[in-house]
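Now for the letters of each chain:
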Amino acid sequence: MTDKPTLDAWKALADKEVKGRSLDWETPEGITVKPLYTADDVTVDPGLPGFAPFTRGVRASMYAGRPWTVRQYAGFSTAEESNAFYRRNLAAGQKGLSVAFDLATHRGYDSDHPRVVGDVGKAGVAIDSVEDMKILFDGIPLDQMSVSMTMNGAVIPILAFFIVAGEEQGVDRKLLDGTIQNDILKEFMVRNTYIYPPEPSMRIISDIFGYTSREMPKFNSISISGYHMQEAGATQVQELAFTIADGAEYVRYGVASGLDIDKFAGRLSFFFAIGMNFFMEIAKLRAARVLWHRVMTNLGAKDERSKMLRTHCQTSGVSLTEQDPYNNVIRTTIEAMAAMLGGTQSLHTNALDEAIALPTDFSARIARNTQIVIQEETGMTKVVDPLGGSYYIEALTQELVDQAWEIIERVESEGGMAKAVAAGWPKAMIEEAAAARQARVDRAEDVIVGVNKYRLASEDLLETLEVDNDKVRHGQIARINAVKAARDPAACAAALDALREGARGTGNLLALAVEAARVRATLGEISSAMEESFQRYGTTPTPVKGVYAAPYKGDPRWEQVVDGVKAVERRLGRKPKLLVAKMGQDGHDRGANIIASAFGDMGFDVVSGPLFQTPEETVVLALESAVDVVGASSLAAGHKTLIPELIRRLREEGRSDIKVIAGGVIPPQDYDFLRDAGVQGIYGPGSNVVECAADVLRLLGHNMPPAGLAEAAE
């Protein structure tokens with residue numbers, strides 16, 4: 001009988017196999033991951049599923065008793081088109097609805113507003129009144145269907161429309177089941193689809209807590225979202241810490257408004273992103289449950305349900321690639337498994353084409369079936385928390401708890417998340433992480449198959465869904481006009497006056513908006529009534545400096561580009577100047593901020609334009625700033641409307657010499673359209689930022705050598 005091998009014996013054998021090379025790996029969070037974990041690494045007993053602190057799951061039976069809810073986040077074009085899509089999906093096995101609204105709706109504008117010409121029906125469904133909401137759910141019984149709505153800025157009119165649509169379908173609001181996102185703090189940090197300043201926005205959340213706790217006992221009044229933080233570049237530790245800290249802040253506001261913590265906290269839910277770091281994502285969901293239980297205990301909750309973190313998850317959009325897009329099916333499957341093994345309560349799986357466009361029926365079916373196959377064919381649901389007790393998972397869970405708690409304690413010491421968001425440091429941390437990640441990808445230190453390694457020599461175009469924005473907008477305007485013509489003008493005016501008075505005073509804004517919705521006030525009118533008291537909020541991005549450049553020290557291609565920028569500077573007598581423009585109502589600014597940061601680090605003079613500009617406003621800023629190049633960042637499919645209008649207005653001003661380039665989520669089949677319109681450089685998802693800068697230098701007349709020559713010279 002041989003002696004049991006020791007850990008020292010394992011180390012000796014492993015060192016021999018890898019010739020002394022270290023197998024330790026450091027994650028972006030700064031966590032050192034060892035190649036082997038043993039019982040000595042597990043310092044905390046994870047307990048049992050269904051029992052505090054719920055590390056192993058919020059229900060004792062988890063998926064062995066009932067699988068997670070299969071959701072499909074969708075909405076596009078008109079309410080009719082979206083309704084037909086929902087009904088097809090429900091017939092094919094989907095169990096709950098997750099509604100995506102267009103950006104005009106998110107920002108509180110009716111479809112006839114001049115600021116949203118390029119946004120109506122793009123990246124979501126246009127909802128202007130109760131009539132649109134009734135069509136959206138036509139034939140879908142709201143007393144039997146769980147409905148999740150991703151809405152934050154215009155949360156008051158949208159929830160009011162949902163309540164009234166239910167009533168007019170014959171469903172009492174007490175029976176309405178689902179979730180409204182209603183998470184405004186993360187909007188100020190990363191997603192930017194806010195309308196009002198932070199303080200009145202937090203009041204709106206408290207009013208929704210109060211109304212739903214009294215009137216809608218089955219409805220989740222908030223979905224506290226880390227998803228958009230990770231999509232904006234946050235590490236998993238940052239996503240975890242800031243999401244839990246946001247939740248604590250919302251609870252405090254609810255209590256301050258007079259609510260009993262145990263009367264509303266049990267209806268709070270969470271929303272996390274699931275990316276490609278498989279075990280980290282599993283551990284993150286387990287750590288989130290531990291942290292929420294700790295936070296709620298500290299805030300005075302007594303009911304264990306108040307301390308129980310329930311979550312929806314969505315596979316990562318940022319991990320999807322335009323290049324070799326069928327790899328996205330594999331990525332989504334891996335991420336779905338991580339969400340399941342982490343113990344999510346519901347899940348949306350992204351479609352393979354969502355890096356460049358809205359999903360087609362074909363791609364949405366694959367995404368949905370990914371979940372159904374896991375539930376029905378793999379046996380994964382038969383065992384509760386199958387990774388519980390794994391040395392690695394338990395050690396990683398505790399590491400995430402400890403690191404996230406350090407950030408949460410900093411937030412608390414500075415007065416809570418609202419004050420931290422106002423100070424700006426969480427947003428800066430996330431933007432630094434995003435810039436560092438982009439540099440690792442561009443340097444191929446983080447491998448993305450089909451993008452920076454194993455790249456195809458040529459790729460076939462993927463058939464994508466395109467929304468006729470002009471047609472949708474004209475249809476919505478016709479419906480708005482019909483609604484206004486049919487309503488009682490005096491009753492509508494009185495309801496909007498009551499809402500204005502409530503905004504100035506202490507009336508419950510959701511209750512007042514429900515009355516306005518009943519008499520067919522539009523989304524824009526309800527939003528505007530509150531805006532008269534609250535004002536509309538706006539910000540200008542401030543790019544981080546030095547983070548993207550740091551890993552490039554000594555890199556020959558980087559030096560070539562920096563030298564090229566200096567050469568153009570000598571010729572012009574000033575630095576080449578780039579305006580990074582965000583036109584339309586899309587607030588996702590990760591790409592724009594990365595470009596601004598990286599180009600600034602390479603020596604360009606960068607002007608970061610305010611969010612939500614019109615093409616006309618962008619032209620004014622370009623002329624005032626005397627820029628050489630306008631870089632239009634597009635993520636919400638408005639590029640075929642907004643960018644040609646920008647170019648037309650520049651030509652009208654006699655400034656055809658200003659180069660216009662475009663980047664972001666742009667389907668390759670749109671490239672020729674944009675080039676014909678006058679766009680001189682197009683950089684889709686996966687583009688190497690250093691090579692983008694080299695190309696811009698060529699547009700400015702500098703003879704930039706192709707990539708690869710610098711390395712060859714070495």
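Keep in mind that this is a model prediction, so the values were computed, not measured.

Draft legend 1. Structural view of the overall build of the chain. Of the regular secondary structure elements, the chain holds 28 helices and 16 strands. Going through the 714 residues of the chain one by one, you find that 58% of them count as buried. Counting only contacts in the chain whose residues sit at least 6 apart along the sequence, the fraction spanning at least 24 positions is 79%. Per element, the accessible surface of the chain, about 27900 Å² overall, is 52% carbon and sulfur.

Draft legend 2. Just the pattern of salt bridges, in detail. For the structure on display, the rule yields 50 salt bridges. Among the ionic pairs, Arg 518 bridges to Glu 167, the shortest N-O distance being 2.8 Å. Of the two residues, Arg 518 sits in helix α20 (residues 509-518) while Glu 167 sits in helix α6 (residues 155-168), which places them 351 residues apart along the sequence. Across the pair Lys 263 and Asp 260 runs a salt bridge whose closest N-O atoms are separated by 3.9 Å. Judged by relative accessible area, which is 62%, Lys 263 ranks as exposed.

Draft legend 3. Quick look at the side chain of Ser 148. For Ser 148, the position within the fold is in strand β5 (residues 146-149). With near-sequence residues (within four places) excluded, Ser 148 lies in contact with Arg 71, Leu 97, Ser 98, Val 99 and Thr 179.

Draft legend 4. Representation of the confidence of the model for the chain in the model. Taken as a whole, the chain shows an average pLDDT of 92; of its residues, 98% reach a score of 70 or greater. In this model residues 709-714 is a low-confidence stretch, pLDDT under 50, and it forms six contacts with partners more than four residues away in sequence or in other chains.

Draft legend 5. Expanded view of the packing of helix α10 (residues 236-256) against helix α15 (residues 391-413). In the contact formed by α10 and α15, the axes pass within 8 Å of each other and the chain directions differ by 45°. By the angle between their directions, the pair α10 and α15 is classed as oblique. Handedness of the α10/α15 crossing: right-handed. Residue-level contacts link Val 237, Leu 240, Ala 241, Phe 242, Ile 244, Ala 245, Ala 248 and Arg 252 of α10 to Leu 400, Gln 403, Ala 404, Ile 407, Ile 408, Val 411 and Glu 412 of α15. Residues belonging to the contact of α10 with α15 are distributed by class as follows: twelve nonpolar, one polar and two charged.

Draft legend 6. Quick peek at the pairing of strand β8 (residues 222-225). Residues of β8 alternate between two faces, with Ile 222 and Ile 224 on one and Ser 223 and Ser 225 on the opposite face, all of them buried. Where β8 meets strand β9 (residues 268-274), four bridges bridge the pair, whose relative direction is parallel. Looking across to β9, one finds that Ser 225 is bridged to Phe 271.

Draft legend 7. Seen up close, helix α25 (residues 639-652). Here α25 spans 20 Å end to end across 14 residues, near enough to the 20 Å set by a 1.5 Å rise per residue. Of the positions making up α25, those classed as buried are His 639, Leu 642, Ile 643, Pro 644, Leu 646, Ile 647 and Leu 650. Each element contacted by the buried residues of α25 is listed here: α24 (615-625), β14 (629-634), β15 (659-664) and α26 (671-677). Of the residues trailing α25, Gly 654 is marked for its positive phi of about 75°.

Draft legend 8. Fine view of the packing of aromatic side chains. Counted according to the given criterion, the structure contains 20 aromatic pairs. Ring centres of Tyr 63 and Trp 68 lie 5.0 Å apart, and the angle between their planes is 70°; this geometry places the pair in the edge-to-face category. Across this residue pair, the class does not change: Tyr 63 and Trp 68 are buried. Both rings, one in Phe 242 and one in Trp 425, keep their centres 5.8 Å apart while their planes meet at 65°; by these two values the pair is edge-to-face. In this pair, Phe 242 is assigned in helix α10 and Trp 425 in helix α17 (residues 425-442), connecting sequence segments 183 residues apart. Members of the aromatic cluster, connected to one another through ring pairs, are Tyr 37, Phe 278, Phe 279 and Tyr 392. The cationic tip of Lys 34 hangs over the ring face of Tyr 37; the distance from NZ or CZ to the ring centre is 5.1 Å. A cation over a ring is seen here: Arg 294 above Trp 405, with NZ or CZ 4.7 Å from the ring centre.

Draft legend 9. Molecular detail of unusual backbone geometry. Note that the residue after Ala 52, namely Pro 53, is joined by a cis bond; omega there is 0°. Looking at the element boundaries, Pro 53 is found in the loop between β2 (32-33) and α2 (62-65). At Phe 54, a residue that is not glycine, the phi angle is positive and equals roughly 70°. Counting through the fold element by element, Phe 54 comes out in the loop between β2 and α2. Even without glycine at this site, Arg 520 takes up a positive phi of about 70°. Within the secondary structure, Arg 520 is located in the loop between α20 and α21 (523-534).

Draft legend 10. Quick peek at the sheet that holds strand β12 (residues 577-581). With respect to topology, five strands assemble into an open sheet ordered β13-β12-β14-β15-β16, the strand pairing being parallel. If you trace the sheet from one side to the other, it starts and ends with β13 (605-608) and β16 (681-683), each paired once. On average, each strand axis in the sheet is tilted by 20° relative to the strand beside it, whichever way the strands run. Bridge analysis of β12 against β14 gives four bridges, and the strand direction is parallel. From the neighbouring strand, Ala 581 faces β14, where its bridge partner is Ala 632. Packing of α24 onto the sheet brings it into contact with β12, β13 and β14, and relative to β12 it is tilted by some 160°.

Draft legend 11. Here's a closer look at a negative patch on the surface. On the surface, Glu 399, Asp 402, Glu 406 and Glu 409 cluster together to form a negatively charged patch. Among the secondary structure elements, Glu 409 is positioned in helix α15. Looking at Glu 409, the relative accessible area reads 44%, which means it is partly exposed.

Draft legend 12. Fine view of the pairing of β14. Burial within β14 is extensive, with six of its six residues counted as buried. Residues Val 629, Gly 631 and Ser 633 point to one face of β14 and Val 630, Ala 632 and Ser 634 to the other, with burial holding for every one of them.

Here is what the cut-offs are and how they apply
- Residues numbered from 1 in each chain as written.
- Predicted model: local features only at pLDDT ≥ 70, side-chain atom pairs only at ≥ 80, totals over all residues.
- Heavy atoms only, no water.
- Helix = DSSP H or I, 4+ residues; strand = E, 2+ residues; numbered from the N terminus.
- Buried < 20%, exposed > 50% of the residue type's maximum accessible area, 1.4 Å probe, protein only.
- Contact = heavy atoms within 4.5 Å.
- Areas by Shrake-Rupley, 256 points an atom, 1.4 Å probe, with all protein chains shown as cover.
- Salt bridge = Lys/Arg side-chain N within 4 Å of Asp/Glu carboxyl O.
- pLDDT = per-residue confidence, 0-100.
- Axes fitted to C-alpha atoms, helices over the stretch in contact; angles between N-to-C directions.
- Parallel < 35°, antiparallel > 145°, perpendicular 65-115°, else oblique.
- Left-handed = near helix turned anticlockwise from the far one by under 90°.
- Nonpolar A, V, L, I, M, F, W, Y, C, P; charged D, E, K, R; others polar.
- Pairing = 2+ DSSP bridges.
- Expected span 1.5 Å × (residues − 1).
- Phe/Tyr/Trp six-rings, centres within 6.5 Å; stacked < 30°, edge-to-face > 60°.
- Lys NZ or Arg CZ within 6 Å of the ring centre and 35° of its normal.
- Patch = residues over 30% accessible without salt bridge, like charges linked within 9 Å, V, L, I, M, F, W, Y side chains within 5 Å.
- Lys, Arg positive; Asp, Glu negative; His and termini not counted.
- Charge placed at Lys NZ, Arg CZ, Asp CG, Glu CD.

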